[in-house]
Amino acid sequence: MGFAVERTSRSYVRPSAPTPSGSLELSVVDRVVGLRHLVRSLHVFGPPAAGEDGGQLHSSRPPRVVIREALGKALVDYYPMAGRLVDGPGGPSGARVECTGEGAWFVEAAARCSLEDAGRLEQYPFVIPEDDLLPDAAPGVEPLDLPLMVQVTEFTCGGFVLGLISCHTMADGLGAGQFVNAIGDYARGLPKPRVTPIWARDLVPNPPKPLSRPPPFPRMFQFLHFTVDLSFDSIAKAKSEFLQTTGQRCSTFDVAIAKTWQARTRSLRLADPSARVTLCFFASTRHLMRGGGGGAADAAGFYGNCFYPVTVSAESGRVEGADVAGLVGMIRDAKARLAAEYARWAAGELVEKDPYELSFTYESLFVSDWTRLGFLEADYGWGTPSQVIPFAYHPFMPIAIIGAPPAPKAGARIMTRCVEEEDLPAFKEEMKAFEK
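Residues numbered from 1 in each chain as written. Predicted model: local features only at pLDDT ≥ 70, side-chain atom pairs only at ≥ 80, totals over all residues. Heavy atoms only, no water.

1. A few points about the overall build of the protein
Here is step 1: Regarding its fold elements, the protein presents nine helices and 15 strands.
Here is step 2: Taken over the C-alpha trace, the protein has a radius of gyration of 22 Å; the compact-globule value for 436 residues is 22 Å, and the two agree within 12%.
Here is step 3: Structurally, the protein occupies a C-alpha span of about 60 × 50 × 40 Å along its principal axes.
Here is step 4: In the protein, buried positions account for 52% of the 436 residues.
Here is step 5: Look at the contacts in the protein between residues 6 or more apart in sequence, and 79% of them connect residues 24 or more apart.
Here is step 6: Working note: accessible area of the protein is about 18,900 Å², and carbon and sulfur atoms make up 53% of it.
Here is step 7: The average position of the 44 basic charges and that of the 50 acidic charges among the side chains of the protein differ by 2 Å. (Helix = DSSP H or I, 4+ residues; strand = E, 2+ residues; numbered from the N terminus. Rg over C-alpha atoms; globule rule 2.2 N^0.38 Å. Buried < 20%, exposed > 50% of the residue type's maximum accessible area, 1.4 Å probe, protein only. Contact = heavy atoms within 4.5 Å. Areas by Shrake-Rupley, 256 points an atom, 1.4 Å probe, with all protein chains shown as cover. Lys, Arg positive; Asp, Glu negative; His and termini not counted. Charge placed at Lys NZ, Arg CZ, Asp CG, Glu CD.)

Here it is in structure tokens:
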């Protein structure tokens, strides 16, 4: 059974005060052609608890009105987000931002049901298609030229869903999280965002591009969606085992991706145990940015793309047979190499291969962590979201997204599109075995 969603208003939200015009240059990482794609996500806000009014701060103003007004204020501070992306003479690799002040696309919608009727959007596929909760396209504009599109869908219970579509060229996950928190700051009545944004794309190194051939056009796969929750207890047990084995601590992220990588590798059933499998995740490099010597302090407020691909490669037999502690150790060793590898790239010493030109094969797994981006802390006056649901999937990229399960549940939610139909049953069993 499905429920109807009616879009009631579509328009642009422009900055609420005058903003600078002109062109802004993007960094060499922003201009990575593979980042010229749209990132979609749903941010679910439940109804006020029994005994509360319609929202602690906004008893008489609906979410769509509050968020629209706050967005206009935030676009003054983040005025490039109200502009348009324009390709250079060489195409997307030479893209820049034209600060036109035309605004972000904003859609208002109403669902003819409560969030409870829709299962609180906790299990995929949802009874309401995700496309109904995300903004539809603005007329006459190429979606990839729009930095931001927003839809606020209000439910009959008083809850709402914020649907966001942003172009990765403009901001990485931390930058997008910083921006939505600025909207929340204004929505809660703050006179300015708690974090002052800076453009400063020149803080990102711009080394000579390696003279390597670009990777071949990737193969398209028929990945199926699978979501599984890892309990707090199972994660704590793995952390304890790692501590006992090594005397070191590890993170939930370390445990979650170690188990996911192993489960997926086992599910592939590769005939040759010496065949290489690869894990890739994306580490923030804000603390490594150049500037006035303050490192992370110089980068405070930076919202552009500021990450480095961290890669772990091993024989499939080793990944299949290792205990979780062994895999966590491999991941942490790769993390420890980040600063040195990033410094070599920044100095132009990587002459053979551009680390930002990724190769996509079925034997590789890409991981994205959505738990530390700031989305789970965004508050528009109705409290923080019960869950954030990303749809950062591509048919050529086997990916697992680490998120949080719906509140108040603890642990980690692993959202994947990384195996095809023939490998899905084995992958499910391997992931569920972690809880035994």
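2. Observations regarding the pattern of salt bridges
Pairs can form between side chains of opposite charge whenever their charged atoms are close.
Here is step 1: This structure, assessed with the given rule, holds 29 salt bridges.
Here is step 2: Residue E108 pairs with R64 through a salt bridge whose shortest N-O separation is 3.4 Å. With a gap of 44 residues between them, E108 in strand β6 (residues 104–111) and R64 in helix α1 (residues 63–77) connect regions that are remote in the sequence.
Here is step 3: On the accessibility criterion, E108 (12% relative accessible area) is buried. (Salt bridge = Lys/Arg side-chain N within 4 Å of Asp/Glu carboxyl O.)

3. A few points about the packing of aromatic side chains
Here is step 1: Within this structure, the stated rule accounts for 25 aromatic pairs.
Here is step 2: Taken together, the ring pairs connect F282, F307, Y308, Y342, W345 and Y356 into an aromatic cluster.
Here is step 3: The ring of Y362 carries the charged tip of R264 above its face, separated from the ring centre by 5.0 Å. (Phe/Tyr/Trp six-rings, centres within 6.5 Å; stacked < 30°, edge-to-face > 60°. Lys NZ or Arg CZ within 6 Å of the ring centre and 35° of its normal.)

4. Structural notes on the sheet that holds strand β8 (residues 160–167)
Here is step 1: Sheet architecture is open: six strands sit in the order β1-β6-β7-β8-β3-β13, paired in mixed fashion. Across the chains shown, the open sheet's two edge strands, defined by having one partner strand only, are β1 (5–13) and β13 (387–390). Adjacent strand axes in the sheet meet at a mean angle of 15° when their direction is disregarded.
Here is step 2: With six bridges joining them, β6 and strand β7 (residues 148–154) adopt parallel strand pairing. Residue pairing for β7: V107 is matched across the bridge by Q151.
Here is step 3: Helix-sheet contacts for α1 involve β1, β6, β7 and β8, and the interaxial angle to β6 is about 170°. (Pairing = 2+ DSSP bridges. Axes fitted to C-alpha atoms, helices over the stretch in contact; angles between N-to-C directions.)

5. What about the nonpolar core?
Here is step 1: Within the largest apolar cluster, 78 residues are counted, with the highest numbers of intra-cluster contacts made by L71, F155, F179 and Y380.
Here is step 2: It is helix α3 (residues 173–187) that provides the largest number of residues to this core, a total of seven residues.
Here is step 3: If you look at the next biggest cluster of nonpolar residues, it comprises 61 residues, including W261, L279, M289 and A334. (Core = buried A, V, L, I, M, F, W, Y, C linked by side-chain atoms within 4.5 Å.)

6. Focus: helix α4 (residues 232–246)
Residues that lie three or four places apart on an α-helix share one face, since the helix turns once every 3.6 residues.
Here is step 1: Taking 1.5 Å per residue as the helical rise, α4 with its 15 residues ought to reach 21 Å, and the 21 Å between its terminal C-alpha atoms agrees with that figure.
Here is step 2: Within the sequence span of α4, burial applies to S234, I235, A238 and F242. On an axial view of α4, the arc spanned by its buried residues comes to 100°, and they lie on one face. What points out from α4, more than 90 degrees from its buried face, is the exposed set F232, D233, K237 and Q244.
Here is step 3: Phi turns positive, to about 75°, at G247, one or two residues after α4. (Expected span 1.5 Å × (residues − 1). Arc of directions from axis to C-beta.)

7. What about the packing of helix α5 (residues 252–268) against helix α9 (residues 424–433)?
Here is step 1: At a minimum axis distance of 8 Å, the contact between α5 and α9 shows a crossing angle of 145°. As α5 packs across α9, the resulting crossing turns out to be right-handed. Every residue of α9 that contacts α5 at K259, T260, A263, R264, R266 and S267 is listed here: A426, F427, E430 and M431.
Here is step 2: Residue classes in the contact of α5 with α9 are distributed as four nonpolar, two polar and four charged. (Left-handed = near helix turned anticlockwise from the far one by under 90°. Nonpolar A, V, L, I, M, F, W, Y, C, P; charged D, E, K, R; others polar.)

8. Topic: the environment of F434
Here is step 1: Counting through the fold element by element, F434 comes out in the segment after α9.
Here is step 2: Judged by its relative accessible area of 12%, F434 is buried.
Here is step 3: Once the C-alpha coordinates of F434 and L42 are considered, the two residues, 392 residues apart in sequence, prove to be 28 Å apart.

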